[in-house]
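Structural overview for review
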Amino acid sequence: MARTMAEKVWEEHVVRRAEGEPDLLYIDLHLVHEVTSPQAFEGLRLANRRLRRPDLTIATEDHNVPTENIFLPIADPVSRTQVETLRKNASEFGVRLHQMGDIDQGIVHVIGPQLGLTQPGMTIVCGDSHTSTHGAFGALAFGIGTSQVEHVMATQTLPMTPFKTMAVNVTGSLKPGVTAKDIILAVIAKIGTGGGQGYVIEYRGEAIRALSMEARMTICNMSIEAGARAGMIAPDQTTFDYIKGRPHAPKGELWDQAVEYWKTLVTDEDAVFDKEVFLDADELSPFVTWGTNPGQGAPLDSVVPDPASFEDPVERAAAEKALAYMDLKPGTPLRDIRVDTVFVGSCTNGRIEDLRAAAEVIKGRKVADHVRMLVVPGSQRVKEQAAAEGLDEIFKAAGAEWREAGCSMCLGMNPDTLKPGERSASTSNRNFEGRQGKGGRTHLVSPLVAAATAVRGTLSSPADL
Ligand SMILES: CC(C)[C@H](C(=O)O)[C@@H](O)C(=O)O
Ligand code: SF4
């Protein structure tokens, strides 16, 4: 029977199947961070169990880490406890941990691909919703809850209920200045934050094929913001070239065998998806969010929508509430919205290509006087590479702050937060109330829009400079 890529990867990993029960899947890679692992380790300890496969488990410190003065003790007691607990657990259970200051430390979804741990055809889990990022390689990658984290630690398997399949077909090609971030914000605006519920999305079409691996990761990363269980992109030459030579990539003959297998991980031509969505890349322009969920977005060229224009009463009420929180008036051109802060970073857009894109725009220009710009590499290696290319100097010369790797202002779990009432343009993935700090207001944007906004001080694209 013809199968989709997601179904193929799933079938390869079933270790037990019984009528009326979820399939038990083998897990190839388990990524761990300090927020969702403490209770799982504690559960193992109480049950007197060891970790089943420490070699398939890797941990990093990301959410709670400060991005300045990383060799001083963490000031916030909750953050400090979480990080210290992970260190203690990793050493007790034999898990490789990349600590602050380690060259391989960084956001969990940045370091997996970077180390070559993330590979096509794998099942990958992490107690973190944006695990969907790894699907960009043709892996089936799910965010899981803490009790599931414990299950994987103890058994290297996970019971999983079947999913539905959705194809998001992106035809045509992107105009200059339009990026993967704009594609995914447009997809979520189209299908809604619940549109992907129960589905694994496969992104397909010529516009997707033309994207770099990092751009593909940006798209798969935000699948979860459409409510999907995972997002995937079929592996191709772009994927193989990205993985080749990385520390954990197969070598020699094993490499050739792996690529042969990876090439089979494409959706069969006559496979049928449960749902199909179409988008024309030629029609896209830079996209920004105006509301408090990632689906409340619109082209930068447009205006803050009037809640009355939403036919669905639930959407209308949500828009009213969002505009009140965001302190925005219907009809205001999105370009007139003035920001206080610009954040370039996160597992959505904190990779080297993102920093290059932002640097290209900001080079030789200045961050507006009323704006604070934070540039936070997704990992220490990204930081090192950016510095080798002189990007750090470009940002600093423009007046931006250049930081150490971590989740930073993507969420308010570390010192990088918005103050109440402050407004940001942010390359991250969530704009919920209080996400970047209590009372903070977030507009999700691409790195290009972020950089242009930093210069003009209002939501802008490079074409406005
Ligand atoms: C803290 C963590 C559990 C959370 C997630 O699961 O996504 C975080 O990474 C986020 O982005 O909100
Ligand atoms: S960067 Fe943001 S979205 Fe990504 S893992 Fe960290 S907190 Fe979650």
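Computed from a predicted model, the values in this text were never measured in an experiment. (Residues numbered from 1 in each chain as written. Chains lettered and ligands numbered in written order. Predicted model: local features only at pLDDT ≥ 70, side-chain atom pairs only at ≥ 80, totals over all residues. Heavy atoms only, no water.)

A look at the environment of R435
Along the chain, the position of R435 falls in the loop between β18 (423-426) and β19 (441-444). When its relative accessible area of 15% is taken as the criterion, R435 is described as buried. If we ignore the near neighbours within four places in the chain, the residues touching R435 are C410, L411, G412, N429 and R430. (Helix = DSSP H or I, 4+ residues; strand = E, 2+ residues; numbered from the N terminus. Buried < 20%, exposed > 50% of the residue type's maximum accessible area, 1.4 Å probe, protein only. Contact = heavy atoms within 4.5 Å.)

Let's talk about unusual backbone geometry
In terms of backbone geometry, most residues other than glycine have negative phi values and most peptide bonds are trans. A positive phi angle is found at N69, which is not glycine, with a value near 45 degrees. The residue N69 is located in the loop between β4 (57-60) and α3 (77-93) in this model. Judged by relative accessible area, N69 falls into the exposed class, the value being 55%.

Quick look at the sheet that holds strand β6 (residues 123-126)
One open sheet accounts for five strands, arranged β5-β4-β3-β6-β7; its pairing is parallel. Every interior strand has two partners, whereas the edge strands, β5 (96-98) and β7 (140-143), have only one. Each neighbouring strand pair of the sheet contributes to a mean axis angle of 20 degrees, computed without reference to strand direction. Examined bridge by bridge, β4 and β5 share three bridges and lie parallel to one another. In the strand pairing of β5, T60 is matched with H98. α3 contacts β3 (29-33), β4 and β5 of the sheet and is inclined by roughly 150 degrees relative to β5. (Pairing = 2+ DSSP bridges. Axes fitted to C-alpha atoms, helices over the stretch in contact; angles between N-to-C directions.)

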